[in-house]
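This is what each chain is made of:
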Amino acid sequence: LEGANLTDANLESANLYQANLTDANLTGANLTRANASSANFAGANLTGANLTKTHLMYSDLTGAEMTDADLTETIFAGTTGPDGALCTKVVGACN
């Protein structure tokens, strides 16, 4: 899925475990309750994406654009954030 155009895609409850979504366009995508643990989102565009209750444990979000993404109850344990730093919060916004 590297570089894929998934704009407004409905990926609710999808299994994206270890998926390579590097540079993918997920603008406005619905990833509610998706399992994206250990996935690579480096450079991906997640602008306005719904990540409610999405599992992003141990994923890589380096360089990802997440403006206006819904991060309600998103799980970030062990995730590398957009700035390349390890997320310090387990649930909610990665900071």
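The structure we're discussing is the one just above.
Right, let's walk through the structure included here. (Residues numbered from 1 in each chain as written. Predicted model: local features only at pLDDT ≥ 70, side-chain atom pairs only at ≥ 80, totals over all residues. Heavy atoms only, no water.)

Points about the overall build of the protein
Quick reminder of the rule: Where helices and strands are cited, they refer to DSSP runs of H or I of at least four residues and of E of at least two residues respectively, numbered from the N terminus. Here the globule rule reads 2.2 Å times residues to the power 0.38, and the radius of gyration is calculated from C-alpha atoms. Partly exposed residues are those whose accessible area sits between 20% and 50% of the maximum for their type, while under 20% is buried and over 50% is exposed, using a 1.4 Å probe and protein chains only. In this description, contact between two residues means that some pair of their heavy atoms is separated by no more than 4.5 Å. Each accessible area is a Shrake-Rupley estimate made with a 1.4 Å probe; only the visible protein chains count as cover when residues are assessed.
Secondary structure assignment for the protein yields zero helices and zero strands. The globule rule puts the C-alpha radius of gyration for 95 residues at 12 Å, and the 11 Å found for the protein is close to it. Each principal axis of the C-alpha atoms in the protein carries an extent, and together these give about 30 × 25 × 20 Å. Buried positions account for 42% of the 95 residues belonging to the protein. Looking at the protein alone, contacts between residues at least 24 apart form 0% of all its contacts between residues at least 6 apart. When the accessible surface of the protein is split by element, carbon and sulfur atoms take 47% of a total near 4,500 Å².

Some remarks on the pattern of salt bridges
Quick note on the threshold: Take a side-chain nitrogen of Lys or Arg and a carboxyl oxygen of Asp or Glu: if they are within 4 Å of each other, that pair is a salt bridge.
Scanning the entire structure with this criterion turns up one salt bridge. One salt bridge connects Arg33 with Glu12, and the closest N-O pair in it is separated by 2.9 Å. Residue Arg33 is classed as partly exposed on the basis of its relative accessible area of 46%. Of the residues examined, Glu12 reaches a relative accessible area of 39% and is grouped as partly exposed.

Overview of the environment of Val90
A residue is classified by how much of its surface remains accessible, and Val90, at 48% relative accessible area, is partly exposed. Residues Val90 and Ile75, 15 residues apart in the sequence, show an inter-C-alpha distance of 5.7 Å. Excluding residues that lie within four positions of it along the chain, Val90 makes contacts with Thr74, Ile75, Phe76 and Ala77.

Brief notes about the environment of Gly43
You can call Gly43 partly exposed: its relative accessible area is 33%. Residues Gly43 and Ala19, 24 residues apart in the sequence, show an inter-C-alpha distance of 14 Å. Residues in contact with Gly43, not counting those within four places in the same chain, are Asp23, Thr62, Gly63 and Ala64.

Observations regarding the nonpolar core
Keep this limit in mind: Put simply, a nonpolar core is a bunch of buried Ala, Val, Leu, Ile, Met, Phe, Trp, Tyr and Cys residues held in one set by side-chain atoms that sit within 4.5 Å of each other.
Core analysis: the biggest nonpolar cluster contains 28 residues, and Leu26, Leu31, Phe41, Leu46, Leu61 and Met66 have the highest contact counts within it. When neighbours within four sequence positions are excluded, Leu26 is seen to be in contact with Leu6, Leu11, Phe41, Asn45, Leu46, Thr47 and Ala49.

Some points on the environment of Thr27
Overall, Thr27 belongs to the partly exposed group, its relative accessible area being 24%. Distance from Thr27 to Ile75, taken between C-alpha atoms, is 20 Å for residues 48 residues apart in sequence. With sequence-adjacent residues up to four places away left out, Thr27 is seen in contact with Thr7, Asp8, Asn45 and Thr47.

Nothing here speaks to function; it is geometry throughout.
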